[in-house]
Amino acid sequence: MARWQEIEDEFAEFAAKVRARFDAGTNKTIATLRRDGAPRISATELKFDGEVTFGMMGGSMKLLDVRRDPRIAVHSPTLEPPADAPDQWPGDAKLAGKAVEIPAPGEEPVPGAGYFRIDVTEVSLMYLGVPADHLVIESWDTAHGYRRRTRK
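As the structure is a computational prediction, the values presented were derived from the model and not from experiment.

### Things to note about the environment of Lys98
On the secondary structure map, Lys98 appears in strand S6 (residues 92–101). Since its relative accessible area comes to 36%, Lys98 is described here as partly exposed. Excluding residues that lie within four positions of it along the chain, Lys98 makes contacts with Met1, Pro70, Arg117, Ile118 and Asp119.

Next up, the structure:
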């Protein structure tokens, strides 16, 4: 696992593109695991500041999920390509890892809320190549490090 800062330090250009995809909108999609192992998806917000951090309202099902099983995945906001220029699609990004509970930020934490950072195990970025006849997949994971692949 890695802290986000480690990925930024070693693969700055890749990390900047991933962060731009996540920063393209407020609402991201988080996947957690229910008690029976089935996936649950919910909306969330993330903050990138050397670490990837997020919070959850007290009593929420996703908070209960993460406290029981900290494995999560997060998808960037989904942006549609322009109808008249599909080659301008900015792509999407995903990251996965382990949610680690951290102290509440600031001086007035929300009672019952949970605050977390993500220890990252994998990151991926997918977008159209130039020319726009293939996909480019850039990724980083703990087993392979950084990779760039194309797919037609």
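From this point, the discussion proceeds with the structure in view.
### Some thoughts on the pattern of salt bridges
Note that side chains of opposite charge can pair when their charged atoms are close. With the rule as written, the count across this model stands at 13 salt bridges. With a closest N to O distance of 2.6 Å, Arg40 and Asp65 form a salt bridge. One end of the pair, Arg40, is in strand S2 (residues 39–44); the other, Asp65, is in helix H3 (residues 61–68), and 25 residues separate them in sequence. Given a relative accessible area of 1%, Asp65 falls into the buried group. Overlapping salt bridges, with partners in common, bring together Arg3, Glu51, Arg117 and Asp119 in one network.

### Considering the environment of Pro82
Checked against the element boundaries, Pro82 lands in the loop between strand S5 (71–75) and S6. Considering only alpha carbons, one finds Pro82 and Pro109, 27 residues apart in sequence, at a separation of 40 Å. Every residue in contact with Pro82, bar those within four places of it in the chain, is listed here: Gln88 and Trp89.

### Examining the packing of aromatic side chains
For the coordinates displayed, the defined rule picks out 5 aromatic pairs. Measuring from ring centre to ring centre gives 5.2 Å for Trp4 and Phe48, while their planes differ by 75°; the resulting arrangement is edge-to-face. Taken together, the residues Trp4 in helix H1 (residues 4–10) and Phe48 in strand S3 (residues 47–48) connect sequence positions 44 residues apart. Here Trp4 matches Phe48 in class, with each residue buried. Ring geometry for Phe14 against Tyr146: centres 5.3 Å apart, planes inclined by 65°, an arrangement best described as edge-to-face. Here Tyr146 lies in strand S9 (residues 145–151) and Phe14 lies in helix H2 (residues 12–23), a separation of 132 residues in the sequence. By relative accessible area, Phe14 is classed as buried at 3%. Ring pairing ties together the aromatic residues Trp4, Phe22 and Phe48, which thus form one cluster.

The rules behind each value
- Residues numbered from 1 in each chain as written.
- Predicted model: local features only at pLDDT ≥ 70, side-chain atom pairs only at ≥ 80, totals over all residues.
- Heavy atoms only, no water.
- Helix = DSSP H or I, 4+ residues; strand = E, 2+ residues; numbered from the N terminus.
- Buried < 20%, exposed > 50% of the residue type's maximum accessible area, 1.4 Å probe, protein only.
- Contact = heavy atoms within 4.5 Å.
- Salt bridge = Lys/Arg side-chain N within 4 Å of Asp/Glu carboxyl O.
- Phe/Tyr/Trp six-rings, centres within 6.5 Å; stacked < 30°, edge-to-face > 60°.

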